[in-house]
Each structure stands twice: as C-alpha cells, then as structure tokens.
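Spelled out from the first residue to the last, the chains are:
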Amino acid sequence: MFGLEPHVLLLLGVCLLAACAFEFVNGFHDTANAVATVIYTNALRPWVAVVWSAFWNFIGVFAGGIGVAMGIIYLLPVETLVDQNVYHGIAMVGALILAAIIWNVGTWYYGIPASSSHALIGSILGVGIAFSLLPGSRGAAVNWSKAGETGIALLVGPLLGFALTIGMMFLFKRFSPSKAIFKEPHKRKPPPLWIRLLLITTCTLVSFFHGSNDGQKGVGLVMLILIGIVPFRFALDETKNPLDLRESLTKVEYVMSRVNPAELSPDDQKNLAEIQAETGDLDRIFAGKTDIKQLPQQTRFEIRRDVLLLTNRAKKLLGSEKVSLSTADRKTYDDATKEMKTFTDYAPWWVLLMVSTSLAVGTMIGWQRIVKTIGERIGKEHLSYAQGASSELVAAAMIGVSTQFGLPSSTTHVLTSSIAGSMVASRGVKNINPGMVRNIALAWVLTLPVTMVLSGLLFLLFRAVLG
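Rules used throughout
- Residues numbered from 1 in each chain as written.
- Predicted model: local features only at pLDDT ≥ 70, side-chain atom pairs only at ≥ 80, totals over all residues.
- Heavy atoms only, no water.
- Helix = DSSP H or I, 4+ residues; strand = E, 2+ residues; numbered from the N terminus.
- Expected span 1.5 Å × (residues − 1).
- Buried < 20%, exposed > 50% of the residue type's maximum accessible area, 1.4 Å probe, protein only.
- Contact = heavy atoms within 4.5 Å.
- UniProt positions renumbered as here; feature names shortened; annotations may be inferred.
- Arc of directions from axis to C-beta.
- Axes fitted to C-alpha atoms, helices over the stretch in contact; angles between N-to-C directions.
- Parallel < 35°, antiparallel > 145°, perpendicular 65-115°, else oblique.
- Left-handed = near helix turned anticlockwise from the far one by under 90°.

**A few points about helix α12 (residues 266-286)**
So, step 1. Compared with an ideal rise of 1.5 Å per residue, which puts 21 residues at 30 Å, α12 spans 30 Å between its outermost C-alpha atoms and is within 8% of the ideal.
So, step 2. Regarding α12, the residues found buried are D268, N271, L272, E274, I275, E278, T279, D281, L282, I285 and F286.
So, step 3. Looking at the packing, one finds that the buried side of α12 touches α11 (245-257), α13 (299-318) and α14 (327-344).

Spelled out as structure tokens, the structure:
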C-alpha cells in the first residue's frame, strides 16, 4: 500500500489512528459545550441532544471547507513541509499529536474545559521551534505572521463572547414577553415552545460550526501526516493535472521579471534569486511534457516543494518597501499564486469522512464531565433558559464568522466566556464561581506553554531515535 515498507506503513497507521483519537477526544471535550445548554434547560433529553450534536458536527466537517485546515498546516515553517525524509515526518506529526492528546485527556479527566484548538496549535508551535534548533534549519521556526493572526483570533473570541452575551441578555430582558425564561428551569418540564426552538437551533448551529472549524483542524492534522509520511502520493491534489500549473507559473515569472534587482537589499536579492531557482526547477519538470503520465510520481513532491517555497518567498519579497510594482502586476501575482495553491491546499473526501466520523463518535461518548462544569460550576446559579440561549447564539455566530475568514476559533473559550457573561448579566460579577473560573483560566493560560514544551521535547526525542 502506497509503496511503503511494512514498518513505515505501520507507523502511518499509528499516526492516522492517533489523529482520529485527537478528534475523538475533541468531540467529547469541546462538543459538550454545544449540548450543555439544551440538556440543563430540559430542551432536549441528554442522549437526543448528544446524537443530534454529533450529526451536525459530522455535517459541519464536510461543509466547512479547508481554510482553517491550511491555516493550521502553515503555522509550521515551509522547510518542515518540504522535507522528503519519511522519518522526519513521523517525528513531527507523532510529537504534536501525542502532546495535544495528553493535555486534552488530562483536562477532560478533571472536568476542566480546555481548548483543543490551543492544544493543537501549541503543539505545532512547539515542533516548529524545536525544528529551528536542529542543524541546517536556517533558523526557521514558526510562520509568525500566521501565528499572530491565529493568536489574535483566539484571544479576541472569549472577550467578545463575554461582552456580546451580556448585551444579548440585556436584549432578552428588554424585549422578552416571559420573565420565566430567567428563572431556573423546572426539572421535568421543557421550556416554552419558542425558547425551546431557539435553544435547539443554537445547539445545532454551535455543533455545525464546531464541526466546520474544529473539524478542519483535524483535517489539517491528517494532511500533515499524509504529506509527511507519504509525500509522493499526497503532495498534490490528484483531481487536478499538474501540467495546468504552467499558466500560473508563467504569470509569476512575468511579475518576478518586473522586479529590478538593483533596487533591492542583499537579502531581497537573495530571495529573488531563490524564487528564480524555484520557477526554473518547475520549468525543467514541465519541459516537453504533454501528458500527466509523463510526470514521474516523485516529481509531484518536487512540484509541491517548489510551489510552497516560491509563493512563500515571493510573498516576503513583494512585502519589501524596495519593490516597486504596479497594482496590476501585484494582482496578477495574487491571482496566479492563489491558483497554484489550489494544487497543494486540498483534502481528499475520505479524510473528511474519517475526521467527521471520529468527531461525531467522540461527541456521543464522555460528554458528561464537561457538560456538568458548563451547566453547574461556572456560575453560582443553575443555567436559565435565557442564559443558555444567549450564550449559544453568540458562540454560534462567532465560530461561524471565524470559519468564514479561515481563522481557528476555540469553541471552549468562546462558549465558557459566554456562559460567564450570562451569569454576570444575571446577578453581577459575584454570580461567577471563582474557584472553577480560576481553574479554567489556569488551563487556558497553561495550554500553550505546556503543549509547546511537551511537543518540542517529544519532537527532538523522536528525531534522535528515528534519525
């Protein structure tokens, strides 16, 4: 299978199972946030809610696209993504998956809502930084511009969730015809029909958008595994003909030819020379080819390497103040590189199926611990109908917007912050349970540094063992 040696094939299987395990844990860790409100307000019976949420998580993975998935992949330096050494790929993905799972399972065991997104991103950053410590890495550590975008998105989300939920609670108090929605739900009676429908709708939306956002992280993780361990097979989208890259390549070469080397700094001149070397290598690969069958299998990874390196370096070069190009030339470059990236940024349908199934099954198992924390332990009062509806309405909107812009969003951070906001809106700051909030905040603060250190050490250990 895939032309791999038996032991490498075994390691591939182990890594894929570990990726499924991460999404499985993500399911019962994060998705509990979606079902907590409908369960604690008696809008749905627990198992009905869990199965319903699992179904919409499954659908969300297929509908979410791959923008977030690629954002996760490109947190790593490009150099790690164009390394043909299979064992280096195994060391990379093995370290980051294991670190993320260890942290997720640990926080779940103690019933603390911690972000699977932060755990995965911290693990990726740790691997990237550890890679920079290796000889010959040229100092490449992390794609800090992409990491900055991700960090801002994950930081702003909880703050907005907290504030917007307070505003939503105000609107409920101002315009709701029933004051009963602000009281503790009856233990055996469902809420009024309109609020019940609203709660089910928001649960559905949070589940769907969780699948479309967090599911993409799992997709990105699986693609890292496939590209790292089976580079020749999964380097490019097999539904596309690599020879079609030539038109975009010609446009990139035209724009680069318009750059005047004499105006550039020594670093920019070196960057331009490397870009020209990559485009020249692509020209060599495509020279005289008229049919895809004329391209040897190993050239697929070479094409991927050249596309990633030249687009990355060209982006840096065109960001230099010394490069003077017209708006039309820059647009030509942007359009050409976007087309080129469609060949490298993809995910097969079976990867989506594998991730969505793992997420859905995880949703239906192990959800009780986090649900109890969300429903009972963040605030000092039982979750009311209005608190549940406002929290999930805000969370669904924010996760959906993040997915639309291809940014990772932490369902856990957004929803727990929203729940806290609803408690404050109800009876003030004293209505928040300080002990539980302190534990949650501590988990949030520690997630990134702990997973970074853990994954970095595991990566260096695996590289030393595997060579």
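**Thoughts on the UniProt feature "transmembrane region" (unreviewed entry) in the chain**
So, step 1. UniProt's entry tags residues 55-76, 88-112, 119-140, 152-172, 193-212, 218-236, 347-367 and 441-462 with the feature "transmembrane region" (unreviewed entry), counted in the numbering of this structure.
So, step 2. Within the segment residues 88-112, helix and strand shares are 88% and 0% respectively, and the terminal C-alpha atoms sit 34 Å apart.
So, step 3. Between the C-alpha atoms that bound residues 441-462 the distance is 32 Å, and the span itself is 100% helix and 0% strand.

**Considerations on α14**
So, step 1. Helix length check: α14, at 18 residues, gives a terminal C-alpha distance of 26 Å against a target of 26 Å (1.5 Å per residue), a fit within 8%.
So, step 2. Buried residues of α14: D329, Y333, A336, T337, M340, F343 and T344, and no others. Projected onto a plane normal to the axis of α14, the buried residues spread over an arc of 95 degrees and lie on a single side. Facing away from the buried side of α14, by more than 90 degrees, are the exposed residues T327, A328, K331 and K338.

**A closer look at the packing of α13 against α14**
So, step 1. Closest axis-to-axis distance for the α13/α14 pair is 10 Å, and the angle between their directions is 150 degrees. Of the possible angle classes, the one that applies to α13 and α14 is roughly antiparallel. Crossing angle aside, the handedness with which α13 passes α14 is left-handed. Residues R304, V307, L308, L310, T311, A314, K315 and L318 of α13 pack against R330, Y333, T337, M340, K341 and T344 of α14.

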